[in-house]
Amino acid sequence: MKSEIVEAFAEMAKERNIDKEVLAEIIESVFMNMIKKRFGTTDNFDIFVNFEKGEIEIYQNKKIVEEVTDETREIDLESARKVEPDLEIGDDFVEIVDPRSFGRRLILSARQNLSQRLKELEKESTYQEFSQRIGEIVSGDVRQVTARQGVYLVV
């Protein structure tokens, strides 16, 4: 997955004052949840988020076998040799997973999950910032009042 998505994530991190390493962990977690929903396991998957290069890469590790019994963990020799001709049975094979193969529903679910996790981080950050100021008098503008979450101020 190329730079447009990673740039969008980096911009979100900057706007919401979130550390890039923390954002990378959240993105990895969101993609792992997508993988678990799609494939039923995350044991043989690796995700790499690189903000400098602008990439998110998902790798699926498979074992080369004669007859495939588990498509999530195994690949037949013929299919593996299409990619790399000198492979043999028993070798490890790394397949790059295209995130578009997850389907629209899983991607929307991941987007909501990411949004929710970012909101939680924002809340925690705001709490940490103002928990140190208990008892102080601050001035600000009231932006919103809600029954569940209280008063939103711009200080």
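Everything that follows concerns the structure shown earlier in this document.
Scope of this entry: the structure provided in the associated data block. (Residues numbered from 1 in each chain as written. Predicted model: local features only at pLDDT ≥ 70, side-chain atom pairs only at ≥ 80, totals over all residues. Heavy atoms only, no water.)

1. A short note on helix α4 (residues 104–131)
In a regular helix each residue adds 1.5 Å, so 28 residues correspond to 40 Å; α4 covers 40 Å between its end C-alpha atoms and thus fits that length. Listed as buried for α4 are Leu106, Ala110, Leu114, Leu118 and Ser131. (Helix = DSSP H or I, 4+ residues; strand = E, 2+ residues; numbered from the N terminus. Expected span 1.5 Å × (residues − 1). Buried < 20%, exposed > 50% of the residue type's maximum accessible area, 1.4 Å probe, protein only.)

2. Comments concerning a negative patch on the surface
A grouping of Asp19, Glu21, Glu25, Glu28 and Glu52 is seen on the molecular surface, where their side chains present a negatively charged patch. Residue position: glutamate 25 is located in helix α2 (residues 20–39). (Patch = residues over 30% accessible without salt bridge, like charges linked within 9 Å, V, L, I, M, F, W, Y side chains within 5 Å. Areas by Shrake-Rupley, 256 points an atom, 1.4 Å probe, with all protein chains shown as cover. Salt bridge = Lys/Arg side-chain N within 4 Å of Asp/Glu carboxyl O. Lys, Arg positive; Asp, Glu negative; His and termini not counted. Charge placed at Lys NZ, Arg CZ, Asp CG, Glu CD.)

3. Thoughts on the packing of aromatic side chains
Applying the stated criterion across every chain, the model contains two aromatic pairs. Where phenylalanine 39 meets phenylalanine 45, the ring centres are 4.9 Å apart and the plane angle is 35°; that geometry is what we call tilted. For phenylalanine 39, a relative accessible area of 23% gives the class partly exposed. (Phe/Tyr/Trp six-rings, centres within 6.5 Å; stacked < 30°, edge-to-face > 60°.)

4. Details of the pattern of salt bridges
Following the criterion strictly, the structure yields six salt bridges and no others. Residue arginine 73 is joined to aspartate 70 by a salt bridge in which the shortest nitrogen-to-oxygen separation is 3.5 Å. Assessed through its relative accessible area of 30%, aspartate 70 is described here as partly exposed. Between glutamate 88 and arginine 81 there is a salt bridge, with the nearest N and O atoms lying 3.1 Å from each other.

5. Here we look at empty space enclosed by the protein
Following the criterion strictly, the structure yields one cavity of 30 Å³ or more and no others. Considered as a void within the structure, the largest cavity measures approximately 40 Å³ in volume. Residue lining of the largest cavity: Val30, Asn33, Met34, Lys37, Leu106, Ser109, Ala110 and Asn113, and that is the complete set. Those elements that provide at least two residues to the lining of the largest cavity are α2 and α4. Of the residues in the lining of the largest cavity, the class split is four nonpolar, three polar and one charged. (1 Å grid on protein atoms, 1.4 Å probe; cavity = no way out; pocket = protein on both sides within 12 Å on 5 of 7 lines; lining within 4 Å. Points joined across faces, edges and corners; volume = space filled by probe spheres on them. Nonpolar A, V, L, I, M, F, W, Y, C, P; charged D, E, K, R; others polar.)

6. A few points about the environment of phenylalanine 9
Among the structural elements, phenylalanine 9 can be located in helix α1 (residues 3–15). A relative accessible area of 11% places phenylalanine 9 in the buried class. When the C-alpha atoms of phenylalanine 9 and isoleucine 27 are compared, they prove to be 8.7 Å apart, with 18 residues separating the residues in sequence. With near-sequence residues (within four places) excluded, phenylalanine 9 lies in contact with Leu23, Ile27, Phe51, Ile56 and Leu114. (Contact = heavy atoms within 4.5 Å.)

Take it as geometry only, folks, not as evidence of what the structure does.
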